[in-house]
Every structure is written in structure tokens, then in C-alpha cells.
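# Structural overview for review
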Amino acid sequence: MNVLPLIEAKRDGGILSNGQIRDLIAATTRGAIPDYQLAALLMAIYFRGLDGHETRALTGAMRDSGDVLLFPKDSARPVVDKHSTGGIGDKVSLPLAPLLACLGFRVPMISGRGLGITGGTLDKLDSIPGFRSRLSAEEIVQQVQAVGCVICGQTETMCPADRQLYSLGDVTGTVPSIPLITASILSKKLSEGIEALLLDVKFGCAAFMPTLEQARTLAQSMTAIASESGVRTRALLTDMNTPLGRATGNWLEVKESLQCLEGTGPADLLELVVDCAAHLLVLTRKADDLDSARAQAHQALVSGAPRRKWDEMLRAQGADLDAFLTKLRRDHTAPELVELLAPADGYLARADARIIGEVVRDLGGGRMTQESAIDFEVGVDQIRALGEPIQAGAALCRIHARTPEQARQAKQLLAAAFSISPSPPQPSLRVVEVM
């Protein structure tokens, strides 16, 4: 394929046809286009953009570049999923998948790994002894049909074009393009064969989209394209200036997810998990309104069934449940545990999610490159909630580190993440807007 006319057309602000986009993606999947020409096209798209028709064509072509999961028709068990744009302490997927399965959904949750300060769902699950996050398409369908849910990685045959374009975008500085983000996220979600999708689009100091306006723009793009593709879709715009829950770091977040499934997790995490389930209940007409849907989701969560479903999912994916439970009983699995103490009395007015995320990454809990090794045991937990009264000398958080020197450096950096005020701060919402 001669891709030069497409580069020139997009460079000059032209519109690419559906056929051109499909031919481009087919040639990309075959490896028939040099990286330097794909990089040039990505840069042209970054500056010139894609309109709605082009974005939908690109999303569909990328979805169809590989296998699409096929599930038997079953109106009583809709196939649904949730996607988050990523944040600090965002472990919603872990308790949500088994909760949704208990609410009568089928959940083929294809997830990713973390890069930089943003944690990856698969990295959290890989901290569980024996857990298999790499499954074939056939295994995914079989487990979803039998168990109701799966959380695993993208197979080699799902959306191969996205894998190629994303890796190039990462090294050419074109990832922040709204159309390219939309196509990348939705091509993978649409390849799951889902009927409904909930998007959690985060904004704030530790989010991919720093402002509410930018998050709204991305949410509008994704909801429009997904809906036009036949998937009932809704987006939550959520605040990521403060960590979600009270723990960050792979194993620590698994432990907190279990607390959520047992009804004892942090209030903000429990609320967001229930909200995600409630919106999917309404989207699939399993509930008439959000109030009744929240009540239904909450009742299911506290029933204990999702906790048992979690064990069933882990067992199906090879986890050693005895080793898992033994590990859970330990207060900490990293060698060093130190506390960061409050310097004064007052109320917690700030817990900067970006600084906390950077500290966890530097401890070894995050990646600088896709090839970086992850230390599953390090992190920060028992983070105080905003507005909570604090006494001088009380712990603001705990640091789980590999060495005393790492703990010392983390403690020094974390001191800048917290602020204490003499009066309670104004309460803030986690879910700011629904689209």
C-alpha cells in the first residue's frame, strides 16, 4: 500500500475515507508499512485530528484487525465491561468483576499493565501466587460462560493493529491525541463482544487528563463512538487529585480489594464500585433507576457472594488459594515498614495523588518502561482520608519498602504530599459528572 497520499492528505487537513482507513490498518497488521511512515501519519493526526466518522472507522478497523470474542446469546446475562483511564489506588476492577458476575452479567474484562505512576490491573493480580493473567480467546469465553467473569490480558490475536500503533505513539509523543486514545481504548473493548460499557474517565493531578474539561472531551468522544458502534455506554468523570481508597501498590491494593468485597473497604472505593455496577444495571435495563440499582448492587456486595465469586475466578485462573490466604494474613510482605507522622494537629486537607504515585513507582511498584520489573510488595497504605482529624505524631500513612534507604527517601518525598489545616476542608465529590 502507498501510504504517502494519506500522510499528505491528513497533513493538509483532509478527511480519510472508510476504505482508506481499513486498507491502512490491514497493511499495518501485515507489517507492510514502515514505522517511519506510520509515525508521520500519527503526527499528522495528532496535529490535524480525526472527525467522528474517521475515528469510528479507525476504531472498527483496529477491532477487526484480530479476533473478536463471541459469546452465546443470552438476554438474561448481558456481556458488559468497565474501563478506567487509570489513576493512583484505582483497584475498582478487582471487586467489580465478581460483583457484576453475581448481578447476572458476563464480564470479559481485558486489562493492562501499569506504566509510570499509573498502576495496572494485571500487575495487581500478578501479585497473587499462581494467578494466570495470559489466557487464550477460547479460555476467556469458556471461563466467562462458566464463572461469569475473567480479568486477563489482551491475547496476541486481539487488536494487533492497536498494539503496533500504540507502541509507536508512545515513542513519538502522539498518545495524547483524543481520536487515537478513543480508537485504542474502544477497539480493545469492542473486541470483547460487549453489549454495555461503563467508562471511568479520571481528571486531576495524577490523571492522564489533568482538567475536567479535557476529561469531558475524551468522555464525549468515547461515548459517542461506542454508542454508534452498538454498545450502550455511559461515562463517569471522577476526581484523581487524591488516591482512591487508602492503599497504593500492587499487593496492598489486592488486600484492600478483598476488604471491599467483605464490606469493610474505604468508603470512597465502596461507593465507586457500587456506582459502576449500578450504572451498568440501568444501561442494561436490569434496574429502572440509579437509586434502586445502587440498592441492588450494595445488597449483592454485602451478601458475601462476590467474595466467593472472587475465589472462584482466582481458582479458574490457576491461583494457589492456600498461599494467597497465607499471604493475606501477613500485615506486610515488604521487608521495611515505616510510618510518616503528622507534624501538627488539624484536619487532612491534601493528599497529593501524583506525589504518592511517584513514590510508589520509585519504590519499584511501577514501571519506567514496559520492560521494567515490578516489585509487587512495595507501596503506601493506611493513607488518611481528606477531612479526617489528625493529631500531631499520628501516622499519615505507612511506607512498605525493600530497603531502609528506600524507606527513608520515600518518607522524605511523601512529606510534601500531605497538608494539614486547622479547619476541615470543603468536602469533595469523587464522581463529579455523569455523561
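Residues numbered from 1 in each chain as written. Predicted model: local features only at pLDDT ≥ 70, side-chain atom pairs only at ≥ 80, totals over all residues. Heavy atoms only, no water.

## Focus: a nonpolar patch on the surface
Applicable threshold: A patch consists of residues exposed above 30% relative accessible area that lack any salt bridge, with like charges linked at up to 9 Å and nonpolar side chains (Val, Leu, Ile, Met, Phe, Trp, Tyr) linked at up to 5 Å. To be clear on the numbers: accessible area is Shrake-Rupley with a 1.4 Å probe, and residue cover counts the displayed protein chains and nothing else. Between Lys or Arg on one side and Asp or Glu on the other, a salt bridge is scored when a side-chain nitrogen of the former is within 4 Å of a carboxyl oxygen of the latter. Here a helix means four or more residues in a row that DSSP labels H or I, a strand means two or more in a row labelled E, and each is numbered from the N terminus. Exposure categories follow from relative accessible area, calculated using a 1.4 Å probe and restricted to protein chains: below 20% of the type maximum is buried, above 50% is exposed, and the middle band is partly exposed.
A cluster of nonpolar residues, Met43, Tyr46 and Phe47, forms a patch on the protein surface that exposes about 310 Å² of accessible area. Mapped onto the elements, Phe47 comes out in helix H3 (residues 35-48). Overall, the relative accessible area of 63% leaves Phe47 in the exposed class.

## Overview of empty space enclosed by the protein
Formally: Grid spacing is 1 Å over the protein atoms alone, the probe is 1.4 Å, and a cavity is where that probe fits but cannot get out, while a pocket is an open set with protein on both sides within 12 Å along at least five of seven lines and lining residues have an atom within 4 Å of a point. Grid points are joined across faces, edges and corners, and a volume is the space filled by probe spheres set on the points.
If you walk through the whole model with that rule in mind, you get three cavities of 30 Å³ or more. Its boundaries defined by the atoms lining it, the largest cavity holds a volume of some 120 Å³. At four residues, helix H16 (residues 353-365) tops the list of elements feeding residues into the lining of the largest cavity. By volume, the second largest cavity amounts to about 100 Å³. At the level of elements, helix H2 (18-30), H3 and helix H4 (52-63) are the ones that each hand at least two residues to the lining of the second largest cavity.

## Quick look at the pairing of strand S2 (residues 107-111)
Short version of the rule: When DSSP finds two or more bridges between a pair of strands, those strands are recorded as paired.
Taking burial as the measure, the five residues of S2 include five buried ones, the bulk of the element. In S2, alternate side chains face the same way, and those of Val107, Met109 and Ser111 on one face and Pro108 and Ile110 on the other are all buried. Bridging between S2 and strand S3 (residues 149-153) involves five bridges; their strand directions are parallel. Residue pairing in the sheet places Pro108 in a bridge with Val150 of S3.

## Quick notes on the pairing of strand S10 (residues 395-401)
Of all seven residues in S10, seven are buried; the element is thus mostly enclosed. In this sheet, S10 lies alongside strand S6 (residues 336-341) in antiparallel orientation, the contact comprising six bridges. Within S10, the residue paired with Leu340 across the bridge is Cys397.

## Description of the environment of Leu94
The line we're drawing: Only heavy atoms enter the contact rule, under which two residues are in contact if any of them lie within 4.5 Å.
Mapped onto the elements, Leu94 comes out in helix H5 (residues 93-102). Sequence-wise, Leu94 and Leu122 are 28 residues apart; in three dimensions their C-alpha atoms are separated by 9.8 Å. In this view, Leu94 contacts Thr121, Lys124, Leu125, Ile151, Val254, Ser257 and Trp310; residues no more than four positions away in its chain are not counted.

## Quick notes on the sheet that holds strand S9 (residues 389-390)
Overall, antiparallel pairing links the three strands, which are arranged S9-S7-S11 in an open sheet. Each edge of the open sheet carries a strand with a single partner, namely S9 and strand S11 (418-421). As defined by bridge partners, strand S7 (residues 346-351) adjoins S11 across four bridges and the pair is classed as antiparallel. Within the sheet, the bridge partner assigned to Tyr347 lies in S11 and is Ser421.

## A short note on the sheet that holds strand S12 (residues 431-434)
This is how it is decided: To get an axis, fit a line to the C-alpha atoms, keeping to the stretch in contact for a helix; angles then go from 0 to 180 degrees between the N-to-C directions.
The strand order across the open sheet formed by four strands is S1-S4-S5-S12, and the pairing between neighbours is mixed. With one partner strand each, in any of the chains shown, strand S1 (80-84) and S12 form the two edges of the open sheet. The mean angle between the axes of side-by-side strands here comes to 20°, regardless of whether they run parallel or antiparallel. Bridge count for strand S5 (residues 232-239) against S12 is three bridges, and the pairing is antiparallel. Directly across from Thr238, in S12, lies its bridge partner Val431. Here helix H9 (residues 178-190) sits on the sheet and contacts S1 and strand S4 (196-203); the angle it forms with S1, its principal contact strand, is near 155°. Contacting S4, S5 and S12, helix H10 (residues 212-228) runs over the sheet at an angle of about 165° to S5.

## Focus: the packing of helix H11 (residues 250-261) against helix H15 (residues 321-328)
Counted only if it meets this: By the definition adopted for this analysis, an angle is roughly parallel if under 35 degrees, roughly antiparallel if over 145, roughly perpendicular if from 65 to 115, and oblique otherwise. Put simply, Ala, Val, Leu, Ile, Met, Phe, Trp, Tyr, Cys and Pro go in the nonpolar bin, Asp, Glu, Lys and Arg in the charged bin, and everything else, Gly too, in the polar bin.
Two numbers describe how H11 lies on H15: the axes approach to 11 Å, and their chain directions differ by 95°. If you check the angle between H11 and H15, you find them roughly perpendicular. In contact with Trp251, Val254, Lys255 and Leu258 of H11, H15 contributes Phe324, Lys327 and Leu328. Here the residues of the contact of H11 with H15 are counted per class, giving five nonpolar, no polar and two charged.

## Considering the side chain of Lys124
With respect to the element layout, Lys124 can be found in helix H6 (residues 121-125). Discounting chain neighbours no more than four positions away, the residues touching Lys124 are Asp90, Lys91, Leu94, Gly119, Asn250, Glu253 and Val254.

## Focus: the packing of aromatic side chains
This is how the line gets drawn: Planes of paired rings set the category: under 30 degrees apart is stacked, over 60 is edge-to-face and the rest tilted, where pairs are Phe, Tyr or Trp rings (Trp by its six-membered ring) whose centres lie within 6.5 Å. By definition, being over a ring means that NZ of Lys or CZ of Arg is both within 6 Å of the ring centre and within 35 degrees of the ring normal.
Counted under the stated rule, the structure contains three aromatic pairs. Aromatic side chains Tyr46 and Phe47 sit 5.1 Å apart centroid to centroid with 85° between the ring planes, which places their arrangement in the edge-to-face category. Ring plane angle 45° and centroid distance 6.5 Å describe the contact between Trp310 and Phe324, whose orientation is recorded as tilted. Of this pair, Trp310 sits in helix H14 (residues 305-316) while Phe324 sits in helix H15, and the two are 14 residues apart along the sequence. Each of the two residues, Trp310 as well as Phe324, counts as buried. In this structure an aromatic cluster arises from ring pairing among Trp251, Trp310 and Phe324. Over the ring of Phe105 we find Lys286; its NZ or CZ atom is 5.5 Å from the centre of that ring. Positioned above the aromatic ring of Trp251, the side-chain terminus of Lys327 is 4.2 Å from the ring centre.

## Digging into H4
It helps to recall that an α-helix has 3.6 residues per turn; residues three or four apart then point in one direction. So the rule is basically this: The span one expects for a helix is its residue count, reduced by one, times 1.5 Å.
In this model, H4 (twelve residues) spans 16 Å end to end at C-alpha, consistent with the 16 Å of a helix rising 1.5 Å per residue. Within the span of H4, buried status applies to Glu54, Thr55, Ala57, Leu58, Thr59, Gly60, Ala61 and Met62.

## Considerations on the pattern of salt bridges
When the charged atoms of two side chains with opposite charge come close together, those side chains can pair. This structure, assessed with the given rule, holds 34 salt bridges. The residue Asp362 makes a salt bridge to Arg361 at a minimum N-O spacing of 3.0 Å. We classify Asp362 as partly exposed; its relative accessible area is 46%. A salt bridge links Asp375 to Arg402; the shortest N-O distance between them is 2.9 Å. With Asp375 in the loop between H16 and strand S8 (379-381) and Arg402 in the loop between S10 and helix H17 (404-414), this residue pair connects regions lying 27 residues apart in the sequence. Its relative accessible area of 15% is what places Asp375 among the buried residues. Judged by its relative accessible area of 35%, Arg402 falls in the partly exposed class.

This is a description of form; function is not addressed.
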